[in-house]
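Commentary on secondary and tertiary structure
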Amino acid sequence: MMESTAAIYGLESQGRALCSHTNDENTIRFFVGTLSTRSNGQIHQLDFDDEKNEITKKIYKPNVGEIWQIQSCPTSNDFLGLCYNHITDRSAQLRSSIWKFSEITDVENQQLDHVCELDPKESLQNYDFRNLDWHPTRDGTLATVLDKNILVWDLKNGSPQVIYNHEFESKLYSGKWNPHLDGSQFSIIAGTAVSGIDTRNMKEVWSIPMAHKFQVRDIDFNPNRQFYFATCGDDCTARFWDYRNTTESIKVIQAHSHWVWRVRFNAFHDQLVLTAGSDSRVVLHSVTSISSEPKGHIVFSDTEDEPDRQSVPLDEGVISKHEVHEDAVYAVEWSNYDAWTYASLSYDGRVVINRVPKSYKYKIIL
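Report on the accompanying structure.

Scoring rules and cut-offs
Residues numbered from 1 in each chain as written. Predicted model: local features only at pLDDT ≥ 70, side-chain atom pairs only at ≥ 80, totals over all residues. Heavy atoms only, no water. Helix = DSSP H or I, 4+ residues; strand = E, 2+ residues; numbered from the N terminus. Buried < 20%, exposed > 50% of the residue type's maximum accessible area, 1.4 Å probe, protein only. Contact = heavy atoms within 4.5 Å. Pairing = 2+ DSSP bridges. Disulfide = S-S within 2.5 Å. Phe/Tyr/Trp six-rings, centres within 6.5 Å; stacked < 30°, edge-to-face > 60°. Lys NZ or Arg CZ within 6 Å of the ring centre and 35° of its normal. Axes fitted to C-alpha atoms, helices over the stretch in contact; angles between N-to-C directions. Polar contact = N/O pair within 3.5 Å; in protein donor to acceptor, adjacent residues only side chain to side chain.

1. Observations regarding the side chain of Ser-195
Along the chain, Ser-195 falls in strand β16 (residues 193-198). What makes Ser-195 buried here is its relative accessible area of 7%. Filtering out sequence-adjacent residues up to four positions away, Ser-195 remains in contact with Phe-186, Ser-187, Ile-188, Glu-204, Trp-206 and Ser-207.

2. As for the pairing of strand β15 (residues 185-190)
Counting buried residues in β15 gives 6 out of 6 residues, a clear majority hidden from the surface. Examined bridge by bridge, strand β14 (residues 174-177) and β15 share 4 bridges and lie antiparallel to one another. By the bridge assignment for β15, Trp-177 is matched with Phe-186. Of the strand pairs in this sheet, β15 and β16 are connected by 6 bridges, and their pairing is antiparallel. Looking at the pairing, Phe-186 lines up with Ile-197 of β16.

3. Observations concerning the state of the cysteines
Enumeration according to the criterion identifies 0 disulfides in this entry. Free of any disulfide, Cys-73 has its nearest neighbouring cysteine sulfur in Cys-19, separated by 11 Å. Taking the relative accessible area as the measure of exposure, Cys-73 reaches 4% and is therefore buried. Of all cysteine sulfurs, the one in Cys-232 lies closest to Cys-236, which takes part in no disulfide; the gap is 11 Å.

4. Digging into the packing of aromatic side chains
Per the stated rule, a full pass over the model turns up 14 aromatic pairs. Ring geometry for Phe-227 against Tyr-243: centres 5.6 Å apart, planes inclined by 80°, an arrangement best described as edge-to-face. With Phe-227 in the loop between β18 (216-221) and β19 (228-233) and Tyr-243 in the loop between β20 (238-242) and β21 (251-253), this residue pair connects regions lying 16 residues apart in the sequence. According to the relative accessible area criterion, Phe-227 is partly exposed, its value standing at 25%. Since its relative accessible area comes to 11%, Tyr-243 is described here as buried. One aromatic cluster is present, formed by Trp-206, Phe-221, Phe-227, Phe-229 and Tyr-243 through successive ring pairs. The ring of Trp-261 carries Arg-16 above its face, with NZ or CZ at 5.1 Å from the centroid. One cation-aromatic arrangement involves Arg-225 over Tyr-228; the distance from NZ or CZ to the ring centre is 4.0 Å.

5. Structural notes on the sheet that holds strand β1 (residues 7-10)
Strands sit in the order β1-β30-β29-β28 across an open sheet of 4 strands; the sheet is antiparallel. Edge strands, defined here as strands with exactly one partner in the open sheet, are β1 and β28 (329-334). With direction set aside, neighbouring strand axes in the sheet form an average angle of 20°.

6. Focus: the pairing of strand β13 (residues 161-167)
Where strand β12 (residues 149-154) lies against β13, 6 bridges are found, and the strand directions are antiparallel. Each bridged residue has a counterpart across the sheet, and for Asn-149 the counterpart in β13 is Glu-167. Counted along the chain from β12 to the antiparallel partner β13, the turn is 6 residues long, and its residue Gly-158 has a positive phi close to 95°.

7. So, the environment of Ser-344
With respect to the secondary-structure elements, Ser-344 resides in strand β29 (residues 341-346). Along the sequence, Ser-344 and Ile-8 sit 336 residues apart, while their C-alpha atoms lie 9.8 Å from each other. The residues contacting Ser-344, other than those within four sequence positions of it, are Leu-18, Val-282, His-325, Val-329, Ala-331, Val-332, Arg-350, Val-351 and Val-352. A polar contact of 2.7 Å, which involves the side chain of Ser-344, links it to the side chain of His-325.

8. Quick look at the environment of Asn-245
Of note, Asn-245 is situated in the loop between β20 and β21. Remark: the alpha-carbon pair of Asn-245 and Ile-208, spanning 37 residues in sequence, is separated by 9.7 Å. Polar contacts involving the side chain of Asn-245 include one to the side chain of Thr-247, which spans 2.9 Å.

9. Concerning the side chain of His-180
Mapping His-180 onto the fold places it in the loop between β14 and β15. Residue His-180 is classed as buried on the basis of its relative accessible area, which comes to 15%. Within the local environment of His-180, its side chain forms a polar contact with the backbone oxygen of Asn-222, the two atoms lying 2.8 Å apart. With near-sequence residues (within four places) excluded, His-180 lies in contact with Asn-222, Pro-223, Asn-224, Arg-225 and Gln-226.

This is how it looks when you write it as C-alpha cells:
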C-alpha cells in the first residue's frame, strides 16, 4: 500500500525513544535514544533528505543509562529533555535531565552539554520519573510525571525550581500538556483512566474513568481543534474524544491486533493520524469527519470571490499500513518541519521514515 520506498536506519541496540526536532536549518530531523543495559545511552540525530531518500546520522553520547524518552523543546530548539534509567550495582532508578546543544556554528563538531538534573529530593524522597513534557508555549517550563506526583518546573533562572507539586492517590502512567487554553491544562493517564488538570489550581476539570478496557498507553490533542483529543491502549483501539462530553468516545479505530502504544495527530493537517502498536504495524488514518476540515478544504475559483462549497470530503479510514518493522513499534512521530513525513521506531532498534502517499497528499492540497 506504499507509493514510495521507506528509508530505514538501524541502531546497534534496542530503542524506545523518538522525537522530531525543529531546527534553523530547514531539515527533516529526528532524534532516537538507545536502550541497552551493557552500555551508556546514545542519541542518534537522523537528518532525512527527501529528494535522495537518504538518512545522515550524527551520534551524541551523554553520560546516561538506558534512554526511555527524549523530547525536543518546542520554544527553544537547543534543548532536549531525557528520561533515563540510572543503574547501579544495587538499584535502578528512572531519572530526568536537560541537555543543550553547544553554541558553535560547525554542526559536525557540535556537542550535547549537560544542563541540569531534575531532582525532586526536596519534595519527594523515593521517586521514578514516568515521562516529561515541555510546555507548548512557555519558555523554560516543563512538567514531569512521577509515580504519584505531577511536578511543574521552571528552568529559566539557571537551576530547576519546582513551582507546582500535586500528589494523586492512583499510580500515574504518563501525562501531556493541552496546547489550547494558554497551556493551563495538563492531562494524566492512570490505568484505564484519563483526566485533565487545571494547573492554576491543580483541580480536575474533566475525567474519563474507563477510556479503554485495559491500560491507556498514550494521549494526543488535536492541535487545530479545541476540546478534541485521542487516546490508545491495550484494547487494540484508538479512541477520539470531546472532553466537553466524556460519556462516550466520538470515534473508535481498531486497525491493530495487539496493544496500541502511540497515537499522533498531524500538526498541519489534523485529519491525518498515526498509530503504532505491538503488532509491528504503523497505520496512517484519515479521520476527516472529526477534523478541523470535515467537509474538505475550501477552494476559491479563478472567476469568483466566493469559495466553492462543493468540495468533496476526503475519504475516511486507513490510508496506508506499514509492516516493515519486525518487532513492537513503541514510537511514531510526525516531522516538525515537513507535514508529509513521519518516523517510527521498533524495539529492535529499526527506524523507518515514511511519507504520506502522494495520491492522498494531492487530495488535501489541490
